[in-house]
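Residue-level structural notes
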Amino acid sequence: MSGGRSIDKERKSPRESGEDSEDESEILEESPCGRWLKRREEVEQRDVPGIDCAHLAMDTEEGVEVVWNEVQFSERKNFKAQEDKIQMVFDNLTRLEHPNIVKFHRYWTDTHNDKPRVIFITEYMSCGSLKQFLKRTKRNVKRLPLQAWKRWCTQILSALSYLHGCVPPIVHGNLTCDTIFIQHNGLVKIGSVAPDAIHHHVKTCRENMRNMHLIAPEYGSSQMVTPAMDIYSFGMCALETAALEIQGNGDSGSHVTEDHIVRTVESLEEPRQKDFIYRCINKDPAKRPTARELLFHPLLFEVHSLKLLAAHTLVNTSANISETITDEVCGGSGGAALAWCERGGQRHEISAKDLPHAEKLEKFVEDVKYGIYPLTAYGGARRAASPSERARAAESAPAPPAPRRGRDREWRRVVTVMCSLAPAPAPAPERTLTVLLRMDDKMNRQLTCAVSRRDSAPALAAELVALGFIHEADRERICCLMEESLRNCFGQVPRAPQHVAS
């Protein structure tokens, strides 16, 4: 997964200078579904192994920029031999859901040429990588404030804890400051998840070894890439972030030695910060803590405030479906009372607008919603289900009707749904049923079909699942809405018997 755009060192890109380049905005290719348009402008990939090229692309449905990544196989027979495994890897990546992981939208394969390609679309991080941010910062600042460093480490560890907690664990394998991205609001996301799974099956090889100091010592001698290797790389990133640079940094072409690393760690002033980093870069992988254990390190651990717990409860509730949460934060648009008391026989009420700094609450809850303040102490108990766990849960649930051949299963959940019936031209006995869906990734979907008195809502809902338009878990909810619309239009309508899970 990719991040910041490449910018010429001596001059700004046309976009940075406020000018638009017709060459860079030229459309080179279109996705099979027509949603994503690949442009000529390239996106900087740096040391992400396996990815041959990355271009800026436009998401025509959402109206935002994304990254079009391409992985090219050297021979068709190699691709055929690994096709099932590659599909499993990419299927798992599309199901990753974490606020501190760059979103992996969709992928497809192109086998029309002699050298097959896997193309995947990822979220575009417009503010660039953490490496670029550190380079800009060290011109004016000698050290990063400890509070900012702790906030970044917490977000990265929250993402690693999610990946390593999957069954089986998902190992990033290429964690560097170049594959960690930062947004203008302080949100940090890790990209290029699981490149190692791509790297071993493609022609691309790692040519630039200047970042070898970021790789765990056991890499190469071990047949498996383990979560402990990610922890070592994280420790080196944490050191580089804390000191803004590692003495003898490989950016200048020089080799970073163990002596350089030790001197950089010892240059830090906070003893707990030194201990934290030394634990991560222990040469013995068995002695390195897990991502979750690091979240409980004395330097990072804190008892969450009631304010933060309340904000997480608010943003995680299923009822919170609005684009802005101002009303929820402020207690409703009517200024309803948050508390009241009786004094001297009179009732005194307090609303959100009467509180100091009430205007900052909305921004705080928005930051929580975006993932800037994760609940680290509850990571184990509240970890989101891994792709494999969700697949097993789907298998154990009541079996939906078999999907038609060539249809993909819908993994997104429906947030809001509207259902309406419009009369068909007379004298036809049918009506036009329209279902408007708002998915959890903010995509809208409109479905229409002709219905008559003989149609049943359960059969229609089951067909939506079979065709890959809705998730199985949303079937009953949408069925009830369609049944109500059919009843209002036709009167009593047939209802097929429902399968009840024991």
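Every value quoted in this text rests on a predicted model; they were computed, and no experiment measured them. (Residues numbered from 1 in each chain as written. Predicted model: local features only at pLDDT ≥ 70, side-chain atom pairs only at ≥ 80, totals over all residues. Heavy atoms only, no water.)

Regarding its fold elements, the chain presents 14 helices and 13 strands. Expressed as a percentage of its 502 residues, the buried residues of the chain come to 44%. Considering only residue pairs separated by 6 or more positions, the chain has 62% of its internal contacts joining residues 24 or more positions apart. Surface exposure of the chain reaches about 26900 Å², of which carbon and sulfur atoms provide 50%. (Helix = DSSP H or I, 4+ residues; strand = E, 2+ residues; numbered from the N terminus. Buried < 20%, exposed > 50% of the residue type's maximum accessible area, 1.4 Å probe, protein only. Contact = heavy atoms within 4.5 Å. Areas by Shrake-Rupley, 256 points an atom, 1.4 Å probe, with all protein chains shown as cover.)

Phi is positive for leucine 244, which is not a glycine, with a value near 70°. Along the chain, leucine 244 falls in the loop between helix H5 (227-243) and helix H6 (258-266).

Judged by how many residues are buried, helix H13 (residues 457-466) sits mostly within the fold: 8 of 10 residues are covered. Of the positions making up H13, those classed as buried are Ala457, Pro458, Leu460, Ala461, Ala462, Leu464, Val465 and Ala466. The inward-facing, buried residues of H13 contact strand S12 (431-439), strand S13 (444-451) and helix H14 (475-490).

So, on to the pairing of strand S9 (residues 339-343). Summarising the sheet, S9 and strand S10 (residues 346-350) pair through 5 bridges and their orientation is antiparallel. Looking at the pairing, glutamate 342 lines up with arginine 347 of S10. The turn joining S9 and S10, which pair antiparallel and follow one another in sequence, is formed by 2 residues; a positive phi near 65° is taken by glycine 344. (Pairing = 2+ DSSP bridges.)

What follows deals with the packing of H5 against helix H7 (residues 271-280). Geometrically, a packed helix pair is captured by the angle between its two axes and the distance between the axes. With their axes 7 Å apart at the nearest point, H5 and H7 run at an angle of 150° to one another. Overall, the two elements H5 and H7 adopt an arrangement that is roughly antiparallel. Of the two elements, H5 crosses H7, and the hand of that crossing is left-handed. Between H5 and H7, the residues in contact are Ile231, Tyr232, Phe234, Gly235, Ala238, Leu239 and Ala242 and Gln273, Phe276, Ile277 and Cys280, respectively. Per-class residue counts for the contact of H5 with H7 are 9 nonpolar, 2 polar and no charged. (Axes fitted to C-alpha atoms, helices over the stretch in contact; angles between N-to-C directions. Parallel < 35°, antiparallel > 145°, perpendicular 65-115°, else oblique. Left-handed = near helix turned anticlockwise from the far one by under 90°. Nonpolar A, V, L, I, M, F, W, Y, C, P; charged D, E, K, R; others polar.)

Core analysis: the biggest nonpolar cluster contains 61 residues, and Phe90, Trp149, Leu157, Ile180, Ile190, Phe234 and Phe276 have the highest contact counts within it. The residues touching isoleucine 190, leaving out its near neighbours within four places in the chain, are Asn100, Ile101, Val102, Ile156, Ala159, Leu160, Leu163, His172, Leu175, Thr179 and Ile180. Val435, Leu447, Ile470 and Met482 belong to the second-largest nonpolar core, a separate cluster that totals 20 residues. (Core = buried A, V, L, I, M, F, W, Y, C linked by side-chain atoms within 4.5 Å.)

As a further point, take the sheet that holds strand S3 (residues 53-59). The strands making up a sheet are joined through hydrogen bonds of the backbone, oriented either antiparallel or parallel. Pairing is antiparallel in the open sheet, where 6 strands are placed in the order S1-S2-S3-S4-S6-S5. The sheet terminates laterally at strand S1 (27-30) and strand S5 (104-110), the two strands that pair on one side only. For this sheet, the mean angle separating the axes of adjacent strands, direction not counted, is 30°. Note: S5 against strand S6 (residues 117-123), 6 bridges, orientation antiparallel. The residue bridging tryptophan 108 from the neighbouring strand is isoleucine 119, located in S6.

On inspection of all chains with the given rule, the structure shows 23 salt bridges. Glutamate 266 is paired through a salt bridge with lysine 274; the nearest N and O atoms lie 3.6 Å apart. Look at lysine 274 and you get buried, because its relative accessible area is 19%. Where glutamate 410 meets arginine 445, a salt bridge forms, and the shortest distance between an N and an O atom there is 3.1 Å. Taken together, the residues span a long stretch of sequence, with glutamate 410 in the loop between helix H12 (387-396) and strand S11 (414-423) and arginine 445 in strand S13 at a distance of 35 residues. In this pair, the class of glutamate 410 matches that of arginine 445, namely buried. Salt bridges sharing partners connect three or more residues here, namely Glu29, Lys38, Glu70, Asp110 and Arg117. (Salt bridge = Lys/Arg side-chain N within 4 Å of Asp/Glu carboxyl O.)

This part covers the packing of aromatic side chains. Using the criterion set out here, one finds 11 aromatic pairs in the structure. Ring geometry for phenylalanine 133 and tryptophan 152: centres 5.4 Å apart, planes at 80°, overall edge-to-face. With phenylalanine 133 in helix H2 (residues 130-137) and tryptophan 152 in helix H3 (residues 146-164), the pair connects residues that are 19 residues apart, well separated along the chain. The class of tryptophan 152 is buried, set by a relative accessible area of 6%. On the numbers, 5.6 Å between centres and 80° between planes, the contact of tryptophan 149 with phenylalanine 276 is edge-to-face. Highlighted residues: tryptophan 149 in helix H3 and phenylalanine 276 in helix H7, separated in sequence by 127 residues. (Phe/Tyr/Trp six-rings, centres within 6.5 Å; stacked < 30°, edge-to-face > 60°.)

No statement about biological role is implied by the geometric values presented.
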